[in-house]
Each structure stands twice: as structure tokens, then as C-alpha cells.
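Summary of structural features
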Amino acid sequence: MAETLLLEIGCEEIPASYIGPALSELESLARAGLSEARVGHGAVAIAATPRRLALLIEGITDQGDRVLDVLGPPVSVAFDASGRPTPAAQGFAKKVGLPLESIGRKPGGKGADVLHARVHEKGKPAAEVLPALVEAWIGGIHFPKTMQWNGRDRFARPVRWIVALLGDRILPVKAFGLSAGRKSRGHRIHAPGWFEVGKPGGYVGLLRERVVMVDRSERLRTIRDELARAGASIGGAPVEDPELLEEVADLVEWPEAVVGSFDASYLALPRPVIVTAMRAHQRYFAVEAKDGSLLPSFVMIRSGRGEGAAEIRRGTQAVLRARLEDARFYWDNDRKGGLEAKVEALRGIVWHERLGTVHDRTMRIVQITEDLARTLAPKARAHAARAAYLCKADLASEMVRSGKEFAALQGIIGAEYAAASGEDAEVARAIREHYLPQGPSDPLPGSMEGTLVSLADRLEAIVGAFRAGLEVSGSQDPYGLRRAGNGIVRILLEKRLRFDAIEKAAWVDGLFEKAGIGRFGSASFQDFWAQRVESALSDAGVPHDTAAAVLAVRPGDPLDVLARARAVDEIRRSDDFEGLMVGYRRAANLLRSASPEDVAAAGQPMAERAENFGEKAEADLHLETKMTRQAVETYLQADAPDYGAALKHLLGLRPSIDAFFEAVMVMVDDPATRRRRLALLDAVRRSFLRIADFSALPTAPGQKSV
């Protein structure tokens, strides 16, 4: 009969950021463990509060039977020369639980027959299988950091109780020096005592009676409702903050809103400062009026219900008042000298011991920004250069250097200081935007000025890090270089900007060289960049082999690489493509196997008179290749290269290539003839290399490339 399994791990308060990943891992462990153990089940549900991780699995059935094919010793060992069974045969029969006459034979790994038994293994009751599984699930949960107690046990926080029930029976699970039972605990304040869970089906309801909302989705809905109700009660609405909402859901067991207020004079501070003061440590939600302006109020979500709201309100208001007073002090003090004065203060902040100060870095960002603007957006150059000069100035402000929650406002507060100092709106906006994007789902800079400074900032950081020896290795990337590289690729692709990052990185490296900064690292920017573009191509649905083919040729411009990848994918679906590739691969293999002297000679210019070719097929291939290359160059030199049309012209080389290989032998003894023919094939190969290295494509689906 199917039953429901309940597992609850009761702890001290677990950090909110740990809960989501732990639940996902627990669910994955449970599903995989049940499948491997052949235990049937139905729906799997996970639940959690700060004090517990829980798992409910419906429809648990007994372990299924299975049939095992068991191989034994070789027949030559199992029976003596007279055909009598040896101890080896008798031991195997005992092991599989079958009479010797029921054991068969089958070919073994080295050709010799071995004993073979088909064993029908009956499944065990779920109650016998589950304890070991559950203990493995508990021990398999990982956390960023763990605590140790009892001198040996480790978990996110000390574990105080375990509930493990299959139906109404307690499973004999042991972990952290505890034996599982049916006793759990309710809300720490409102229902602190123990209570017993009779059956898993009553678990959620019993906790609700004890002021614990264990269903996380229910807590999220309740928090949204509470926020809306509280906001409406003061004539406003909570500021949308999905990230804070998710965090708060994992901080409380029973959400209830409490409305607080602060002195309206603090509204003179920039909006980001006020909102940050509320959310960074206190996890309060800001409230705005219908016109979008902030109200001098906030909503906090308490864990509990009923009495005590007035005391909580007074306490939260006092804490927020202190935060806002700090912010006002920083804001007033920082504006006294103006933002530009803080650029000079950057000389006293070391960026990296091998790369100089933040002021040194700022000057490089200005140079890179101006250089980018010359080709990408000349009209934005002046504002972009000014923004680049000021973009790091807020790092010298008291607001950011305080080490408190406002440090996260770098860039944002710099834009506010710029606006307060009278800088143009384009400059302030670019300062705000130049940190974008921070991650794969972040918005991109909206202005061209912000885009230019963002690109310059990331290029300087990556090239400088490589020069200083701060290389990316495996999964380690402490300086966020992959994130910076991915940001550049996203900007170029999504904003459709043509820009060769490899060429520009070499120019940026020259800035460090001119400044007398030595090279401590050996990392290749080109290899790093190709990996970033390859990742973007994969996200865009480009097959791995196509990506490898186009990245082998001019990988610096992601927009160009993607266009070539799309064209190659399209042409690969044509009927003639595979036939053409047979000839191309043959040419590539011959060039690869030729001697260095022959290859060098093949790269020299050829005399083009027809009498210089020994066979008509040579002259025909030479002429067709020359005409095709001219047509291809016409398509590639356009403002928007038409790689599809160029590839169709290359496809037209197939008859001439086929005729060439049918008429002549390339690797003949005569050096002049051999090198002339290799030169013809090299011309063909070079024509294709204008778009991609087609030798990187597989010879057939599932095979390796040539």
C-alpha cells in the first residue's frame, strides 16, 4: 500500500541564502536515491522555514523486484578434468542461492566460457530501504559554510531534531547524534513547545496551528498580500523588489506586515540612498505614492502575529533613523568639494600593487573610452570621456568608503553626486550605467555614453588583470573576469556593435606597456575571449562544431562571428555541401601532410598563364578559385557582409575541385608540379578561411573533425 514519507530537519535559524539551494539539492537527492533503490513514489514536495528543511513524498511503495545476471568463475576452473564441480563452482552456487544444475554458461570477456546465473532478487519493504536513503540525503546537503557542534557534526546550523515518518511509523533514521522521531516544534515565541506529528498528511496543518507557515509559496503570497494591504493603508504601494521579497520569505515563519515612518526631511536624500538604507540590513520595503515619489514610510515583515506591533514599530523606526542620519552626513559632506575633486583623491587608493592606483586606472579608462568613441560613436565622445574621468570618483566618497550598506551604491551614488555638481545629464547617466551589466539577466547601458565607458572599464580590467598575472583558472575567477568578458560580448551582440575586442585588447595592453607596467602573467586574451564568445554562441543555439569553425577565423568581433555561424549552419543543410567538404578535407589533409618546404612554396604567388599548368583541370581550378574569391570579397567588403551569398559562391567550386582530383595526382615526385598543385589547393583553402575553418566541422554526424 502506498504511503507518504515525511522528513523534517529542525535547526537553529538557517541563513536565508542557504535555504533555496539546500531544498533543491534535497529534492534532487531524494528523486535520484528513490530511483536507484527502485522505490516507487508520487509527487515530491519541498518546504522550509528558517528553522527547518522538510520533504514530503507521496505514493511511496515497496522496492521493486529485479533480475540480475551474475557471472562466475571460468568453466575450466569450476570443473576438473573429469567434469566434477570444484569448490569454485560450489561457492558460486552458494553465493547466488541456486542449485549447481540450474547454473548456465556463457562466453566471458576473454572468449572462455564462464558460469552464469540469472538471479531473481525480491524487493524489500520501503520501511527497510528508506532509513539508509534518508540518512544519505541528509548527509548529502551542501552549504557555502557550515557550523560544527558536538565536536564532530557539521550542517548550516546545529540540528536540534529530526522527524522521519513513513505513514504513521517512525523510520529508524540517525544523524547528528539524534534519533528521528515524530516530535517537532512550532514558532519559537508563539508556540515554543514540542508537538507530535501523527501522520505526514497532517504536518502542514499542525504547523499552521502553531504559527508556522511551512509552505514557502504560501508565505510568498501572504507577504505580497500583506505588503499591498499595508501600503494601501497609508495611501501608497510598496516599491517592487523581487529580490528582497524572496529573501524575506526565507527569514520568517509567519509573515505579518508592520508599517513604520520616518521624518519627511530625509526625502531630500537621493531615492537610491533612502531605499538602500531600508533594505540593505533591515529588509524594509519602501513605499511610493501614485506619482512614483517616495513616501516617508516603510513596511517591514515580522515573523509572528498579534501583540507587540507597536514595540516593533518603535524599534524599527529608531534603527532606520540612525541609518538615514548617517546617509545625510555622508551626502552633505561628500558634496562640499564636488565630484571632480575626488578624482585626485583616487591617487591614494591602490587598485593593485602591480597596476597602480585607482587614479591610474581612471586615466586608462578615459583613453580607452575616447578611442572607442572615435569609431563607434564620435558624437558621444565628449560626454563619454567626461563620464569616464568621473566614473570612479565616488570610490573616494565617504558614502562608499564608509564600509556600510551604502558601499553597494558605487556608480549609482556617483551619478547622484555628478548631477548635484551640475554635470550634464548624459554624463551622470553614463556614470550610473557603466557598471552594467553585472550579470546575465541585468539590463545593458541604455545610452551610448554609458555603453562606451562600460566597454572601456571592462577591457581595462581584463587586460590589466592578465598583465598582473591574475589569471582565470578552472572554476576560480575571484576578480570577475569572466563576468566582465561576458558583459562585453552581451553589449556588442545585443546593441549590434561591430568591434574587434582582440585588436582593441592588444592596443589596451600597449597602454600598460607605455606606463612601464611589467608583465607578470602569460594568459592569452584571445583564448579567454574565444571562450566567452563560444558561450554566447551556445546560448544563441549555434552547434558546437559550427562555433569552433567560425571562432578559428577572426574571433574578435562577436557580431561578425555570429553572422558567419548562422551562414555556415544554413549552408550545411544544402545538398551539395557534404560533397564539397569531401574535396575540401582532402585538400586540407594534403596540405597538412606536405613538407614545410612544399607548404612554404605553395604560399608563393603563382604565374597565371595557362601554359604553366600541366593539366586543364589545374587551369580550370585556378580560374574558378580566382573568380570565386573576387565574388566572395565583394560580399565581404560590404557594410553588412553577406556571408550566405559568399558561401553559395564557394559551393560552386565543387565541380572544379572534383575534376581536379579526378585528373591529377598532387603528391608527385616532381617538386615544381607538386608545389604548383599544392598552391592551387592552398588557394581553395584560403578562400574558405575568409569565413570559417571548415576542417573543424565533422566529416559526418557523430564523427570527429579532420
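Just so it is clear, the model here is predicted, and its values are computed rather than measured. (Residues numbered from 1 in each chain as written. Predicted model: local features only at pLDDT ≥ 70, side-chain atom pairs only at ≥ 80, totals over all residues. Heavy atoms only, no water.)

The next point concerns the sheet that holds strand 3 (residues 52–60). The strand order across the open sheet built from five strands is 2-3-1-9-10, with neighbouring strands paired in antiparallel fashion. Lying at the two open borders of the sheet, with one neighbouring strand each, are strand 2 (44–49) and strand 10 (169–170). Direction of pairing for strand 1 (residues 3–11) relative to strand 3: antiparallel, over a ladder of seven bridges. By the bridge assignment, Gly 10 is partnered in strand 3 with Arg 52. Seen against the sheet, helix 1 (residues 16–36) touches strand 1, strand 2 and strand 3 and runs at an angle of roughly 30 degrees to strand 3. (Pairing = 2+ DSSP bridges. Helix = DSSP H or I, 4+ residues; strand = E, 2+ residues; numbered from the N terminus. Contact = heavy atoms within 4.5 Å. Axes fitted to C-alpha atoms, helices over the stretch in contact; angles between N-to-C directions.)

According to the stated counting rule, one finds 53 salt bridges in the structure shown. Across the pair Arg 84 and Asp 80 runs a salt bridge, and its minimum N-O distance is 3.6 Å. Looking at Asp 80, the relative accessible area reads 31%, which means it is partly exposed. As a salt-bridge pair, Arg 467 and Glu 513 come within 2.8 Å of each other at their nearest N and O atoms. Taken together, the residues span a long stretch of sequence, with Arg 467 in helix 16 (residues 448–467) and Glu 513 in helix 18 (residues 501–514) at a distance of 46 residues. Here the residues in one salt-bridge network are Arg 361, Arg 364, Lys 392, Asp 457 and Glu 460, joined through shared partners. (Salt bridge = Lys/Arg side-chain N within 4 Å of Asp/Glu carboxyl O. Buried < 20%, exposed > 50% of the residue type's maximum accessible area, 1.4 Å probe, protein only.)

With that settled, consider the side chain of Asp 153. Relative to the assigned elements, Asp 153 resides in strand 8 (residues 153–155). Polar side-chain contacts of Asp 153 include one of 3.2 Å to the side chain of Asn 150. Apart from residues no more than four positions distant in its own chain, Asp 153 is found in contact with Met 147, Gln 148, Phe 176 and Gly 177. (Polar contact = N/O pair within 3.5 Å; in protein donor to acceptor, adjacent residues only side chain to side chain.)

Let's shift gears to the packing of helix 11 (residues 358–376) against helix 16. It is the contact of helix 11 with helix 16, at a shortest axis distance of 8 Å, that shows an interaxial angle of 125 degrees. If you check the angle between helix 11 and helix 16, you find them oblique. You can see that helix 11 and helix 16 cross each other, and the crossing is right-handed. When helix 11 is examined against helix 16, the residues Arg 361, Arg 364, Ile 365, Ile 368, Thr 369, Leu 372, Ala 373 and Leu 376 are found in contact with a partner set consisting of Leu 452, Val 453, Leu 455, Ala 456, Asp 457, Leu 459, Glu 460 and Ala 461. Grouping the amino acids of the contact of helix 11 with helix 16 by side-chain chemistry returns eleven nonpolar, one polar and four charged. (Parallel < 35°, antiparallel > 145°, perpendicular 65-115°, else oblique. Left-handed = near helix turned anticlockwise from the far one by under 90°. Nonpolar A, V, L, I, M, F, W, Y, C, P; charged D, E, K, R; others polar.)

Time to look at helix 24 (residues 616–636). For an α-helix the count is 3.6 residues per turn, leaving residues at separations of three or four pointing the same way. With 21 residues, helix 24 extends 30 Å from end C-alpha to end C-alpha; this agrees with the ideal 30 Å at 1.5 Å per step. All of the buried residues in helix 24 are Ala 617, Glu 618, Leu 621, His 622, Thr 625, Thr 628, Ala 631, Val 632 and Leu 636. Those residues of helix 24 that are buried are in contact with helix 25 (643–651), helix 26 (654–663) and helix 27 (671–689). (Expected span 1.5 Å × (residues − 1).)

Let us look at the nonpolar core. Ranked by size, the top nonpolar core spans 125 residues in total, and within it Phe 525, Trp 529, Leu 537, Phe 688 and Phe 694 carry the most contacts. Ranked by residues supplied to this core, first place goes to helix 16 with nine residues. Sequence-distant contacts of Phe 694, that is, excluding residues within four places in its chain, are made with Val 568, Phe 577, Met 581, Tyr 584, Leu 647 and Phe 688. Counting 41 residues, the second largest nonpolar core, distinct from the first, contains Cys 11, Leu 133, Val 159 and Ala 180. (Core = buried A, V, L, I, M, F, W, Y, C linked by side-chain atoms within 4.5 Å.)

So, about the layout of surface pockets. A probe matching the size of a water molecule, rolled over the atoms, marks out where space remains unfilled. Its boundaries defined by the atoms lining it, the largest pocket holds a volume of some 970 Å³. As for the largest pocket, its lining consists of 22 residues, of which Glu 243, Arg 279, Ala 408, Leu 409 and Ile 412 are closest to the centre. Take the lining of the largest pocket: its biggest share by element is five residues, from helix 8 (residues 271–279). Among the residues making up the lining of the largest pocket, the classes are represented as ten nonpolar, four polar and eight charged. Estimates place the volume of the second largest pocket at around 540 Å³. Forming the walls of the second largest pocket are 22 residues, and the residues nearest its centre are Trp 351, Arg 361, Ala 461, Tyr 479 and Arg 483. Those elements giving two or more residues to the lining of the second largest pocket turn out to be strand 19 (350–352), helix 16 and helix 17 (481–494). The dominant element in the lining of the second largest pocket, judged by the number of residues it contributes, is helix 16, at five residues. Looking at the lining of the second largest pocket residue by residue, the class counts come to eleven nonpolar, six polar and five charged. (1 Å grid on protein atoms, 1.4 Å probe; cavity = no way out; pocket = protein on both sides within 12 Å on 5 of 7 lines; lining within 4 Å. Points joined across faces, edges and corners; volume = space filled by probe spheres on them.)

Evaluation of the coordinates by the stated rule reveals 15 aromatic pairs. Here Trp 161 and Trp 194 contribute two aromatic rings whose centre-to-centre distance is 5.9 Å and whose plane-to-plane angle is 80 degrees, an arrangement assigned as edge-to-face. A residue pair is termed long-range when its members are at least 10 positions apart, and Trp 161 in strand 9 (residues 159–166) and Trp 194 in strand 14 (residues 194–196) qualify at 33 residues. Of the residues examined, Trp 161 reaches a relative accessible area of 4% and is grouped as buried. With a relative accessible area of 46%, Trp 194 lands in the partly exposed category. Each ring, one from Phe 466 and one from Phe 528, has its centre 5.2 Å from the other, and the planes form 90 degrees; the classification is edge-to-face. You can see Phe 466 sitting in helix 16 and its partner Phe 528 sitting in helix 19 (residues 525–539), a full 62 residues away along the chain. A relative accessible area of 5% places Phe 466 in the buried class. By the ring-pair criterion, three or more aromatic residues cluster together here, those being Tyr 18, Phe 143, Trp 149, Phe 155 and Phe 176. Sitting over the ring of Phe 195, Arg 210 keeps its end group 4.3 Å from the ring centre. When the ring centre of Trp 254 is taken as reference, the NZ or CZ atom of Arg 305 above it lies at 5.1 Å. (Phe/Tyr/Trp six-rings, centres within 6.5 Å; stacked < 30°, edge-to-face > 60°. Lys NZ or Arg CZ within 6 Å of the ring centre and 35° of its normal.)

Glancing now at the pairing of strand 16 (residues 255–261). Within strand 16, five of the seven residues are buried, which leaves it mostly tucked inside the rest of the structure. Relative to strand 18 (residues 294–303), strand 16 runs antiparallel, the two sharing seven bridges. Bridged to Gly 260 within strand 18 is Phe 298.

So, about the confidence of the model for the protein. Mean pLDDT over the protein works out to 90, with 97% of the residues at or above the 70 mark. Ranking the elements of the protein by mean pLDDT puts helix 23 (residues 596–602) last, at 75, and helix 12 (residues 381–390) first, at 98. The model gives residues 699–706 a pLDDT under 50, and that stretch makes 15 contacts with residues more than four places away or in other chains. (pLDDT = per-residue confidence, 0-100.)

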